[in-house]
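The lines below spell out each chain.
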Amino acid sequence: MTELLTSAQMRAIEADAIATGHVSGLEMMEAAGSGVVAAILAWRDGRDGPLSLHGKLPRFFGQTVETGASAVVLCGPGNNGGDGFVIGRLLHRAGWAVEVFLLGDPEALRGDARTNYEHWLEIGDVRPLSDCTSDRWIKQTLVVDALFGTGLTRHLPDVVENVLMATANCPRVAVDVPSGLCADRGVVLSERSLPAAHLTVTFHRPKLGHLLADGPTQCGALAVADIGLAARGIAPFKHDQVVSEAVPSDLRKQQGHKYSHGHALVLSGGVGRGGAARLAARAALRVGAGAVTIGCPPAAMIENAAQLNAIMLQAVGDVGALDAILDDSRINALCVGPGFGLSEDRADKLHALLKSGRAAVIDADALTLLSKDADLRGALHGKCVLTPHAGEFARLFPDLADAMDSTPDRNKTEIVRMAAADVGCVVVFKGADTVIADPTGTCCVNASAYHRAAPWLATAGSGDVLAGLIAGLMARGVTPWDAAQTGAWLHTESAVSFGPGLIAEDLPEELPNVLQNIAS
Ligand SMILES: NC(=O)C1=CN([C@@H]2O[C@H](COP(=O)(O)OP(=O)(O)OC[C@H]3O[C@@H](n4cnc5c(N)ncnc54)[C@H](O)[C@@H]3O)[C@@H](O)[C@H]2O)[C@@H](O)CC1
Ligand SMILES: [K+]
């Protein structure tokens, strides 16, 4: 499990390591610079570097050893700039021609950044960033972006934006965070569309901003370098302060008959609206629920019967009929929302499902019903999992959605934690950066990014499959939290494994390959 840190947490870890004498700031800065240079050399030489790399790097297209390697290092006024001076020195030692530019007054440099600035002055000079004009970049020199890291607090100055725009055609390495990207929220603090880095090398742990929102696009590929803190992990943070990357539960099946693996009931909409529920039901069955039943209005029985084999079918006329089905105590997980409809009788049925107290995935139309009806919302309980996309989230939690868009220090993970605490159950806020939280503050991110990027997952019916996966896992007895996290993880893995051209029907069919890979 990898933890994702905020800037403040990274600063606290560094300060604690320094205060306890574990490592000095100067040693960390040297290790940071050396980690970046190791990654640059590996990229240039087309070999696997010493750092594990997330995502794909393009072939290095700058100058080579044979043609003479050159780099321009852009340094900022803080410790990110300090890393830049180390990188300049180490690249120079490796035989590169290096030019260094600095934003701001050299006299204002402090601490370890100042020490490394002075070391660099023994090698070469430092010119003002404003001297960087665009005609310098036609040589395809490697650009090292050490302007701002985790200390970025406001929009970029014009001079920085101009230089970043002028580097658009150059191979570019970002130190810790691409300058302009907020390390906590993954949003770009600039009105302009800044060119992305090809490679970002961060330190100790990825930051939230590397995975959220625009982070993956801006970072290019991501590498993580140790700076002497590996043994210190992420202490001293409590579980409700730490965000992890999503990981799957152990999905091996024990021996048993079908009902010992649970029975999921998926509610479907009326005639011509059953596809979404069928997708969810198929995913629930593929992920290992022992039995799956679709409950549909009587008029939709023929349509569904014509499409289903292993999935069972029951007519659900009114709420009384639903209650009768729910009398079967073997039904232990519910999925409601995909193609469900919004009429009044649907709200009554949703109420009956919630009243049964069973594990339940609430998706799509069921979320819209919830957002309109306080009684329904009040019937949510700890075994529910809500799976809103951005629009549904904004309808359910309008104040939180506003705060995420307008409050600089609120990121998606904090917002989803607050939503989960509000409704008292697990919330899965879907997107390329899916964030999952439970009411106790446990939180993880399942990012379809870097080596797990699957843009083809944005396809009709993909959300229905996710709802079915989570319901199927809960039928198997997996807790709502683990089912949400594992379902999201499997959803991405199936999409990555299938590749481009994917449609929602392919996701459940790809699942056996994914399950067999994680079991081996
Ligand atoms: N001991 C440490 O703290 C270590 C820090 N490291 C590096 O240090 C970085 C963090 O250093 P800092 O906290 O100094 O932060 P930064 O170097 O990211 O930037 C902070 C400086 O930029 C100014 N600033 C922020 N936003 C601005 C804007 N939009 N326009 C103009 N000025 C702006 C701040 O006032 C401050 O002077 C990390 O990203 C990492 O690269 C590494 O060297 C590892 C060790
Ligand atoms: K940077």
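Residues numbered from 1 in each chain as written. Chains lettered and ligands numbered in written order. Predicted model: local features only at pLDDT ≥ 70, side-chain atom pairs only at ≥ 80, totals over all residues.

### What about the overall build of the chain?
Part 1: A tally of regular secondary structure across the chain gives 19 helices and 19 strands.
Part 2: Principal-axis analysis of the C-alpha atoms gives the chain an extent of 85 × 40 × 40 Å.
Part 3: When burial is assessed residue by residue, the chain has 51% of its 520 residues classed as buried.
Part 4: Looking at the chain alone, contacts between residues at least 24 apart form 74% of all its contacts between residues at least 6 apart. (Helix = DSSP H or I, 4+ residues; strand = E, 2+ residues; numbered from the N terminus. Buried ≥ 20, exposed ≤ 12 C-beta atoms within 10 Å, placed from the backbone. Contact = placed C-beta atoms within 7 Å.)

### With respect to unusual backbone geometry
Part 1: You will see that Ala 213, though not glycine, has its phi angle at about 50 degrees, which is positive.
Part 2: Its identity is not glycine, yet Ala 364 carries a phi of approximately 45 degrees, on the positive side.
Part 3: Given 25 C-beta atoms within a 10 Å radius, Ala 364 is considered buried.

### A closer look at the sheet that holds strand β3 (residues 70-75)
Part 1: Taken together, the eight strands give an open sheet; going across it, the order is β2-β9-β8-β7-β6-β3-β4-β5, and neighbouring strands pair in mixed fashion. A single partner strand is all that each edge strand has here, and the edge strands are β2 (53-54) and β5 (126-128).
Part 2: Here strand β6 (residues 142-146) runs beside strand β7 (residues 172-175); their pairing, made up of three bridges, is parallel. Pairing of Val 144 across the sheet is with Val 173, part of β7.
Part 3: Along the sheet, helix α2 (residues 25-45) makes contact with β6, β7, β8 (199-203) and β9 (221-225), crossing β8 at roughly 150 degrees.
Part 4: Contacting β3, β4 (97-102), β6 and β7, helix α3 (residues 79-93) crosses the sheet at an angle of about 160 degrees to β3. (Pairing = 2+ DSSP bridges. Axes fitted to C-alpha atoms, helices over the stretch in contact; angles between N-to-C directions.)

### Side note on the environment of Leu 102
Part 1: With respect to the helices and strands, Leu 102 occurs in strand β4.
Part 2: Overall, Leu 102 belongs to the buried group, with 25 C-beta atoms counted inside 10 Å.
Part 3: C-alpha of Leu 102 to C-alpha of Ala 8: the two residues are 94 residues apart in sequence and 25 Å apart in space.
Part 4: Leave out the neighbours within four places in its chain, and Leu 102 touches Cys 75, Gly 81, Val 126, Pro 128 and Leu 129.

### As for helix α17 (residues 462-475)
Part 1: If you check α17, its first and last C-alpha atoms are 20 Å apart, about what 14 residues at 1.5 Å a residue would give, namely 20 Å.
Part 2: With 14 of its 14 residues buried, α17 lies for the most part within the structure.
Part 3: A positive phi of about 100 degrees marks Gly 477, the residue just after α17. (Expected span 1.5 Å × (residues − 1).)

### Examining the site of ligand 1
Part 1: Around ligand 1 lies a shell of 27 residues, among which Gly 78, Asn 79, Asn 80, Gly 149 and Gly 151 are the nearest.
Part 2: Every element with two or more residues in the shell around ligand 1 is listed here: α2 and α3.
Part 3: The biggest single contributor to the shell around ligand 1 is α3, with five residues.
Part 4: Partitioned by chemical class, the residues of the shell around ligand 1 number eleven nonpolar, twelve polar and four charged. (Near = placed C-beta within 6 Å. Nonpolar A, V, L, I, M, F, W, Y, C, P; charged D, E, K, R; others polar.)

### Concerning the environment of Met 474
Part 1: Structurally, Met 474 is set in helix α17.
Part 2: With 190 residues separating them along the chain, Met 474 and Ala 284 place their C-alpha atoms 9.2 Å apart.
Part 3: Apart from the residues within four sequence positions on either side, Met 474 is in contact with Ala 333, Ala 359, Pro 480 and Ala 483.

### Points about the sheet that holds strand β17 (residues 426-429)
Part 1: Spatially, β1-β10-β19-β18-β17-β16-β15-β14-β11-β12-β13 is the arrangement adopted by the eleven strands of the open sheet, whose pairing is mixed. Across the chains shown, the open sheet's two edge strands, defined by having one partner strand only, are β1 (3-4) and β13 (312-315).
Part 2: The strands touched by helix α18 (residues 480-498) are β15 (359-362), β16 (384-386), β17, β18 (433-437) and β19 (443-447); relative to β17, the strand with the most contacts, the crossing angle is about 20 degrees.

### What about helix α5 (residues 158-166)?
Part 1: Restricting attention to buried positions, one finds in α5 the residues Val 160, Val 163 and Leu 164. Burial along α5 is one-sided: seen end-on, the buried residues are contained in an arc of 100 degrees. (Arc of directions from axis to C-beta.)

### Some points on the domain arrangement of the chain
Part 1: You can read the domains of the chain as domain 1 (3-238) and domain 2 (258-519).
Part 2: Taken over C-alpha atoms, the centre of domain 1 sits 41 Å from the centre of domain 2.
Part 3: Across the boundary between the two partners, domain 1 contributes twelve residues, which contact nine residues of domain 2.
Part 4: Broken down by secondary-structure element, the contributors of at least two residues to the side of domain 1 that touches domain 2 are α6 (208-211) and β9.
Part 5: Its residues assigned to classes, the side of domain 1 that touches domain 2 shows eight nonpolar, two polar and two charged. (Domains from an automatic or database assignment.)

### Brief notes about the pairing of β9
Part 1: Within β9, five of the five residues are buried, which leaves the element mostly enclosed by the surrounding structure.
Part 2: Of the two faces of β9, the one carrying Ala 221, Ala 223 and Ala 225 and the one carrying Leu 222 and Val 224 are both buried.
Part 3: Looking at chain direction, β2 and β9 are connected through two bridges and run antiparallel. Its bridge partner being in β9, His 54 is matched across the sheet by Leu 222.

### Brief notes about the packing of helix α8 (residues 275-286) against α17
Part 1: Viewed as axis vectors pointing N to C, α8 and α17 meet at an angle of 40 degrees, and their least axial separation amounts to 7 Å. The orientation of α8 relative to α17 falls into the category oblique. Seen from above, α8 lies across α17 with right-handed handedness. Within the contact between the two elements, α8 uses Ala 276, Leu 279, Ala 280, Ala 281, Arg 282, Ala 283, Ala 284 and Leu 285 and α17 uses Asp 464, Val 465, Ala 467, Gly 468, Leu 469, Ala 471, Gly 472 and Ala 475. (Parallel < 35°, antiparallel > 145°, perpendicular 65-115°, else oblique. Left-handed = near helix turned anticlockwise from the far one by under 90°.)

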